[in-house]
Amino acid sequence: MITDRSLVFRYYAFRAASSVGFITPVFTLFMLSRGLSFSEIATLSAIVAVVVTAGEIPTGYVGDRVGRRNSLVVSTALLVASLVGFVWANTYPAFVVLYVLWALGLTFASGSDSAWLYDALRARDAEDRFTRIRGRGESVRRAASVVTMIAGGLLYVVSPAVPFIAAAALNVVGIPVLLSLPKNEGYADGTADRLSVREAASVVRTALTRPELRSFVLYVGIFFGAVSASNTYVQPITVDVLEANVAALGVPEEATIGVLYAAFTGVSGVASYHAATVESRLGLRTAVVGVTVGVAVLLAVPLAVPLLAVPTFLAMRAGDAMLRPVANRYLNDRIEGAGRATVLSAASMAYALIRVPLILTGGVVADAAGPLVAVAGFGGTFLVGAATMSFVVTSVFGDTHGTGDVDRS
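Residues numbered from 1 in each chain as written. Predicted model: local features only at pLDDT ≥ 70, side-chain atom pairs only at ≥ 80, totals over all residues. Heavy atoms only, no water.

**Considerations on the confidence of the model for the protein**
Mean pLDDT over the protein stands at 80; residues scoring 70 or higher make up 79%. Low pLDDT, under 50, characterises residues 401-409; the predicted model gives this stretch 30 contacts beyond four residues in sequence or across chains. (pLDDT = per-residue confidence, 0-100. Contact = heavy atoms within 4.5 Å.)

Right, here's the structure in full:
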């Protein structure tokens, strides 16, 4: 039997191997180099969001039926296939296919990753460690990304395709690591308390119509959507900011941005690592509101002072990294075990659905007025949404202390 320490160590190893840091600092630059416009890139991102929206609940249901670990293996295989495909893709239809593969890979992991960890800990009466281990697992992933991002910027200068090959090779390593992890207790002997399609639909409907879940998912979903949409423009904005400063040194901006992205990731890793501490000391409500509103306000700053774009993006990445394990804990505490992956996937579907109009509108705004205006607009959109919710709903957070399992009846 795998010990608790070995379980956590293997989970951290999987998180490290799932990094795509090699391509992260150069991905938008790579797409622009293949002749795509901001609007076309935004459309591809919207396609991902649509596929995620359509696929989240079915893939979460698959995770609940066949096991969360097996679902993660399928996810990794799809992501590797997409990464390899980018090496040869040169046409818009080819990129559409690869983005769809990528989106499916994300959907197979989005609910199953969190559900597997929570149930593995719950089987050991250690679910109270979820936020800490989930946060530190993300910190490990980001630490691996620090190294690979620096290498990715340098490899991009050698050849734009090389970072994709390196990222695919690293993700392949994650498959045997995943297979060494134990199945969740109910799947180990093939007699899991698995949901039928009708029961799964009932679980999702019951969970996401509960006020404390519905309002929370909408609130954090707008924030995650704003951050995700802003990430598209980090690279071109940062390259513009760096260009004058590094040109005299004769260093390609693409190589420099890898180091800068490593700094982004390092800060995010620290934030994720301390997510549980922040939640414990400030409380859920204060932590979530403080992070989201603070980041949203900062997104408008580079519009007035472009040189502050880099510290703004540092804060944005840190806030997103800190909030995700906190949000996952809030949802997990209020979902029954058998339908956990399905409901978490439904939440991810909601996040993706919120993200689509932000991405599409941002692409048009970026082409017309520049990426700085688009990023400021994302922050403003969240603030307007949050202010509206404060008047419309009684409480975004509901009961922040107890748990509430979803009734399957």
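What follows picks up the thread again.
**Quick word on the pattern of salt bridges**
Within this structure, the stated rule accounts for 3 salt bridges. Ionic pairing is found between Arg 15 and Glu 138, a salt bridge with its closest N-O pair at 2.3 Å. One end of the pair, Arg 15, is in helix H1 (residues 4-17); the other, Glu 138, is in helix H6 (residues 130-158), and 123 residues separate them in sequence. Close ionic contact of Arg 324 with Asp 320 constitutes a salt bridge, the shortest N to O distance being 3.1 Å. (Salt bridge = Lys/Arg side-chain N within 4 Å of Asp/Glu carboxyl O. Helix = DSSP H or I, 4+ residues; strand = E, 2+ residues; numbered from the N terminus.)

**Here's the deal with the packing of aromatic side chains**
According to the stated counting rule, one finds 18 aromatic pairs in the structure shown. Of the aromatic side chains, those joined through ring pairs into one cluster are Phe 27, Phe 30, Phe 86, Phe 95, Tyr 99 and Phe 164. The side chain of Arg 324 reaches across the aromatic face of Phe 224, ending 3.9 Å from its centre. (Phe/Tyr/Trp six-rings, centres within 6.5 Å; stacked < 30°, edge-to-face > 60°. Lys NZ or Arg CZ within 6 Å of the ring centre and 35° of its normal.)

**Re the side chain of Thr 148**
Following the sequence through the fold, Thr 148 ends up in helix H6. A polar contact of 3.1 Å, which involves the side chain of Thr 148, links it to the backbone oxygen of Ala 144. Reaching out from Thr 148, the side chain makes a polar contact with the backbone oxygen of Ser 145 at a distance of 3.2 Å. Apart from the residues lying within four places of it in its own chain, the contact partners of Thr 148 are Ser 19, Gly 21, Phe 22 and Leu 170. (Polar contact = N/O pair within 3.5 Å; in protein donor to acceptor, adjacent residues only side chain to side chain.)

**Quick notes on the packing of helix H12 (residues 275-282) against helix H13 (residues 284-298)**
To characterise two packed helices, one gives the angle between the axes of the helices and the distance between these axes. Where H12 contacts H13, the two axes come as close as 6 Å, and the packing angle between them is 115 degrees. Facing Val 278, Glu 279 and Leu 282 of H12, the residues of H13 in contact are Leu 284, Thr 286 and Ala 287. Across the contact of H12 with H13, the residue classes break down as 4 nonpolar, 1 polar and 1 charged. (Axes fitted to C-alpha atoms, helices over the stretch in contact; angles between N-to-C directions. Nonpolar A, V, L, I, M, F, W, Y, C, P; charged D, E, K, R; others polar.)

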